[in-house]
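Breakdown of the fold
Take a look at the letters that make up each chain.
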Amino acid sequence: MKRSEDTNQFDGRTSDGLDSGGDLETKPDSVEDILRSDGGTVDSPFERTATVEETRRDRIDRKLKDYLWTPWSIMRNDWRAIVGVSILVVYLLIGTVGVYLIDPTHPTHGESLVGPFEDWSHPLGTDQSGQDILSMTVYSTVPILQMMGAGALFTIVLGTGFGLVSGYKGGMVDTVLSSITDVFINIPGLPLVIVLSVLLEPEHPALVGVLLAAAAWAGLARAIRSQVLTLRGEAFVEASRAMDVPTISLLRKEILPHLMPYIVVNLVNAARRIIFAAVALYFLGILPYSDANWGVMLESAYRAGAVYRPDAIHWLLVPMIAISGISIGLVLLGQSLDRVFNPRARARHERSDDGKGSEPESEPNTTNVTQM
Amino acid sequence: MTISESDASLVDSTGTDTIVELRDTSVSFGMDRGESRVLNEVNIDIERNEILGVIGESGSGKSMFASALLDAVPAPGTTTGDVIYHPEDGDPVDVTGLSKSELKQFRWEEISMVFQGAMSSFNPVRSVRTHFVETLSAHDYDVDAGIERAKDLLEDLYLEPERMLESYPHELSGGMKQRVLIALSLVLEPEMLVMDEPTAALDLLMQQSIISLLNEIQEKHDLTIVFITHDLPLVADLSDRLAVLYAFEFAEIGPADEILERPAHPYTRALLNATPNLSAPLEQMRPIEGESPDPVNIPPGCSYHPRCPLADEQCKSIDPGPYDAGDSRNHDVYCHHWEQSIDDLERAFTESNSDDSPATRNASHSDDAEPLVSLEDVEVQFGSENDGWLDFGESDVVTAVDGISFDIYENDVVVLVGESGCGKTTLGKTAVGLQRPTDGTIEYKDRDIWKGSSGSSTLEDEEIRRALQIVHQDPGSSLNSHQRVRSILSTPLNRWHPDLDGNDRRERILAMLEYVGISPPEDYIERYPHQLSGGEKQRVALIRAMLVNPDLILADEAVSALDVSLRVSIMDLMIELQDAFDTSFLSVSHDLSNARYLAEKTGGRIGVMYLGELVEIGSAEQIIQNPQHPYTQALRWATPELEQDDDPDENPIRTIDVPDQKNMPSGCRYHTRCPDARETCRTQKPELVDLSNEDGVQRTACFRVDDDHEYWDSEPITDDAVDGDEDDDHVNVSG
Ligand code: SF4
Ligand code: SF4
């Protein structure tokens, strides 16, 4: 929402008046006054330094505060974040600790098609060949998470990298990078994945993830590039350029924060897409597999006709629930992370901690009444 | 509780013909911090056929006042009290009680509104004619008759009606759009026109031209105009009455000349003193201390008491009602001590004046002084010959800066003024190495700044890069909204003082914040830009540039976006920092009053630019008091003054609109608008002639300064359509 000029007063602010028009010499007292606790030695405020050396601890504390505590206390107040994070933590635990707690399964592990909650040695029942469904689900979490992580990271890193550099650098660099991006955008995604998977026969889940993301990053790169093009012209970027801030830290500190909400949403969506794509391709039998995973489970259940057989329906339902669960977790997390990068939310959360008031999200604005 | 000696505003209304009356009108918004009153029980009678100027700084509730008149307060806000409209014949209408469809009819047909954002009021895919047709048919007006009327209106506003109607919004310049919008708002023959900062985005000349047009239009159509602005001088001349808003209430309402000459409210007085202008002595201009209150937390009693030098116990507890001030019956002032106000404030000002008036410096640059930055025949072109393989149009090269040379010395101040599009910002950016010139050289201490740099965005030499910094126009975008003040100010320290650790940086930043009057700094250092006011943002931006320790700072309209009363304080700060850091300023401004303040106080120079060329440059005194170039004279005419001028001068330009940049006029570029242009000016280009004398330096590019020039023998240029009308009646619309 565009802020009308009459709205500045809503932000808590104090003095706007310059308290003295005098020059340096006339205010030695005030300079003395503002000597701060640790008593750095100064003649003028422009040369002031602290006497206390900054310790490694201080620096770590500061970073922790910025990157961990503040985001966390914003998210703490948002149920979506709590639920989303909890769901993902559960999956992570299953994928890490779960595999040690639950024994791997094998055909004829139990009887064929035991229903869920009937036999407590197979809590979620077994499939047609007598494999334990709980165990299969737990063990497929690992490759799925690897796939998802690798694919999503690949999309984000490549997309953001290409977008940032080509948008900011412009010129020749932009032309080259944009052409590469366009090529990938225009290759049809699914056939590419099928061809590549036939050629490469990827077995490692991380490789599968990257493969599935092969065409997805280009769209992100293009979107980021166009946003960077606008940001590049902003006054604060120009000011940083004038200060000769190295390009890398300019991109990282000035431009990237503005793109973060967008990147995070894309990260989450990419992760979901990877899971769906992987499941779909396993289901279609296009990807080679050696171990069970949710997609493979679905496929074999389907082939065994679980859709029509009430006694086998759990074989289909359990992996579906597993897939939906992680997807819901990701969606919720994505929605709530948006706020973490919003400076207004950050500021508000801090001030409510100080016991001061918060400020309104929307402000009165008269521009919308011009057309009546 | 309100006490008042006279219920002045109510009594006075009986005799006169009131068109709109406001009674105890409030607008409030519920917020999680509490209820915020953005208009607090205001009473006013707007008289038929008057021009009422409403003055208020940002955050004074002036936009809400405009919305309340039309019952157009945006959604969560609620309007209470009465807004009563008296039609010329018929019964009074209570505006707040109108139904949706009645309101729709009421707005446009009875009261219409023109806002600042002319650009967003147009639908970009519809022609101007469609806008008129839609408005007319939405209100069941006869379209043909309406269009005829629209043509008359456009003609009155010096636009070519046929051409305008067929244009699309993007083909029009800002000034044209604003004028079309005025015509659009008048096409349904409303009784009253409410204008909220209608000229804020426009150039001086355009602004002043529109203001003079308003006068004519008001007379011709028997309009009542409410003109709302933060810029006091702008309406000073235009208005019949002035109303000063402070903290969501009126502070003073009265005839314009009385308010300007004998302001009775301390705030009005302070505001007048804080407004940069061309004629008042510099010592009289001083910022208003303190800041406007928060709408959630308006001080009890008189809302001005925390800032008022006359405040006493009574002021703190009792809300001053309207007192009758001055000679005329309709001058109301909301101050208990208005009688003392005049003398006491005079005294208060003289006292504080004596101890800290920064002496006017006199930067005298002897001719042999080494320039710090020297520009030599700088030329900057934008655009390409042909924009791409699908672009069949003509080449669109725009020459933004065309062969300008001048020097900036150490501790110098140069202010570039001109209309938008004259290339002043481009020239400024070129001078500090942020824009690579297409031709010519820029030298920093005799070293070519672009030497060795390959790209167009980075200077190779670190030292030169450090020496040239920039402070931007719009405080909104000059700071990264995602960074706290701490990280914003750490950036230059990280880059240029790598020896400082985190604690040192923090101390240095705290000290700097304190130095520029932001306190308590510990609180501010953790804030994000959206938690700062405009003035504070500008201060932070200034510190950021200063921390690099530069030799030259480009201040790109550094104060234009601020409230009038803050400008003086920021400019004082710039001057103070300049002293402390030994820097030079190259300032860019479209406002001659600001330019004068900055340049005169530092003994600097003002350079006037027109269409990419420097037409006159000289000391502030010479440019303001003794302008030689007709264009400088026009700018001076266009700068509003804080006085009522009974006999406004003729508009000194022949056409309002700036010529097309892709098709520059030949000879002297100003000849299409210059009132003194002669045939010679069409063909020959005047060079800058040195006119410096003991009063100050001055160089002017106009044939008129040379008594022997053949200019004097050539024929005056007369416009093609001469028909005995005044010169400014026909306008070559371009654009
Ligand atoms: S003198 Fe009192 S009533 Fe008048 S403006 Fe000052 S504080 Fe308000
Ligand atoms: S040279 Fe001619 S056209 Fe140009 S400013 Fe002077 S008189 Fe006007």
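Residues numbered from 1 in each chain as written. Chains lettered and ligands numbered in written order. Predicted model: local features only at pLDDT ≥ 70, side-chain atom pairs only at ≥ 80, totals over all residues. Heavy atoms only, no water.

Side note on the packing of helix H10 (residues 247–283) of chain A against helix H11 (residues 294–303) of chain A
All names here are of chain A. At a closest axis distance of 8 Å, the pairing of H10 and H11 adopts a crossing angle of 35°. For the pair H10 and H11, the sense of crossing is right-handed. Contacts from Val-279, Tyr-282 and Phe-283 in H10 reach Gly-295, Val-296, Leu-298, Glu-299 and Tyr-302 in H11. Tallied by class, the residues present in the contact of H10 with H11 amount to 6 nonpolar, 1 polar and 1 charged. (Axes fitted to C-alpha atoms, helices over the stretch in contact; angles between N-to-C directions. Helix = DSSP H or I, 4+ residues; strand = E, 2+ residues; numbered from the N terminus. Left-handed = near helix turned anticlockwise from the far one by under 90°. Contact = heavy atoms within 4.5 Å. Nonpolar A, V, L, I, M, F, W, Y, C, P; charged D, E, K, R; others polar.)

Section: the site of ligand 2
What surrounds ligand 2 is a group of 14 residues, the closest being His629(B), Cys668(B), Cys674(B), Cys681(B) and Cys702(B). Looking at the shell around ligand 2 residue by residue, the class counts come to 10 nonpolar, 2 polar and 2 charged. (Near = heavy atom within 4 Å.)

Thoughts on the nonpolar core
Residues and elements named next belong to chain B. The biggest cluster of nonpolar side chains holds 104 residues, and the ones touching the most others in it are Val-20, Phe-65, Phe-132, Val-226 and Phe-250. The element that contributes the greatest number of residues to this core is helix H7 (residues 174–186), accounting for 7 residues. For this core, the domains that each give at least three residues are domain 1 (5–239) and domain 2 (261–352). Leaving out residues up to four positions away in the same chain, Val-226 has contacts with Ile-46, Leu-52, Val-54, Phe-65, Leu-69, Met-192, Leu-193, Val-194 and Met-195. Ranked by size, the runner-up nonpolar core spans 75 residues in total, among them Ala-558, Ile-570, Leu-611 and Tyr-631. (Core = buried A, V, L, I, M, F, W, Y, C linked by side-chain atoms within 4.5 Å. Buried < 20%, exposed > 50% of the residue type's maximum accessible area, 1.4 Å probe, protein only. Domains from an automatic or database assignment.)

Quick look at the pattern of salt bridges
Residue and element names in this part refer to chain B. For the structure shown, the criterion picks out 37 salt bridges over all chains. The salt bridge involving Arg-447 is made with Glu-463; its shortest N-O contact spans 3.2 Å. Here Glu-463 lies in helix H15 (residues 462–467) and Arg-447 lies in strand E19 (residues 447–448), a separation of 16 residues in the sequence. On the accessibility criterion, Arg-447 (33% relative accessible area) is partly exposed. Its relative accessible area of 37% is what places Glu-463 among the partly exposed residues. Between Arg-495 and Glu-462 there is a salt bridge, with its nearest N and O atoms 3.1 Å apart. With a gap of 33 residues between them, Arg-495 in helix H17 (residues 485–496) and Glu-462 in helix H15 connect regions that are remote in the sequence. Residue Arg-495 is classed as buried on the basis of its relative accessible area of 19%. With relative accessibility at 42%, the residue Glu-462 sits in the partly exposed group. (Salt bridge = Lys/Arg side-chain N within 4 Å of Asp/Glu carboxyl O.)

So, the sheet that holds strand E25 (residues 689–690) of chain B
Residues and elements named next belong to chain B. Pairing is mixed in the open sheet, where 8 strands are placed in the order E20-E21-E22-E17-E23-E24-E26-E25. Both outer strands of the open sheet, strand E20 (468–471) and E25, are each paired with one neighbouring strand and no more. In this sheet, strand E23 (residues 605–610) lies alongside strand E17 (residues 413–417) in parallel orientation, the contact comprising 4 bridges. When the sheet's bridge partners are listed, Val-417 is paired in E23 with Val-608. Sitting on the sheet, helix H14 (residues 424–431) touches E17, E20, strand E21 (552–556), strand E22 (584–589) and E23, and the angle it makes with E22 is about 160°. (Pairing = 2+ DSSP bridges.)

A word on the layout of surface pockets
Estimated volume of the second largest pocket: approximately 1500 Å³. Looking at the second largest pocket, it is lined by 43 residues, and the ones nearest its centre are Lys63(A), Asp66(A), Tyr67(A), Arg346(A) and Ser487(B). When contributions to the lining of the second largest pocket are tallied by element, the ones reaching two or more residues are helix H2 (56–76), helix H4 (133–169), H10, helix H12 (313–340) and helix H13 (343–353) of chain A together with H17 and helix H18 (502–515) of chain B. The dominant element in the lining of the second largest pocket, judged by the number of residues it contributes, is H2(A), at 11 residues. For the lining of the second largest pocket, the class distribution of residues is 19 nonpolar, 9 polar and 15 charged. (1 Å grid on protein atoms, 1.4 Å probe; cavity = no way out; pocket = protein on both sides within 12 Å on 5 of 7 lines; lining within 4 Å. Points joined across faces, edges and corners; volume = space filled by probe spheres on them.)

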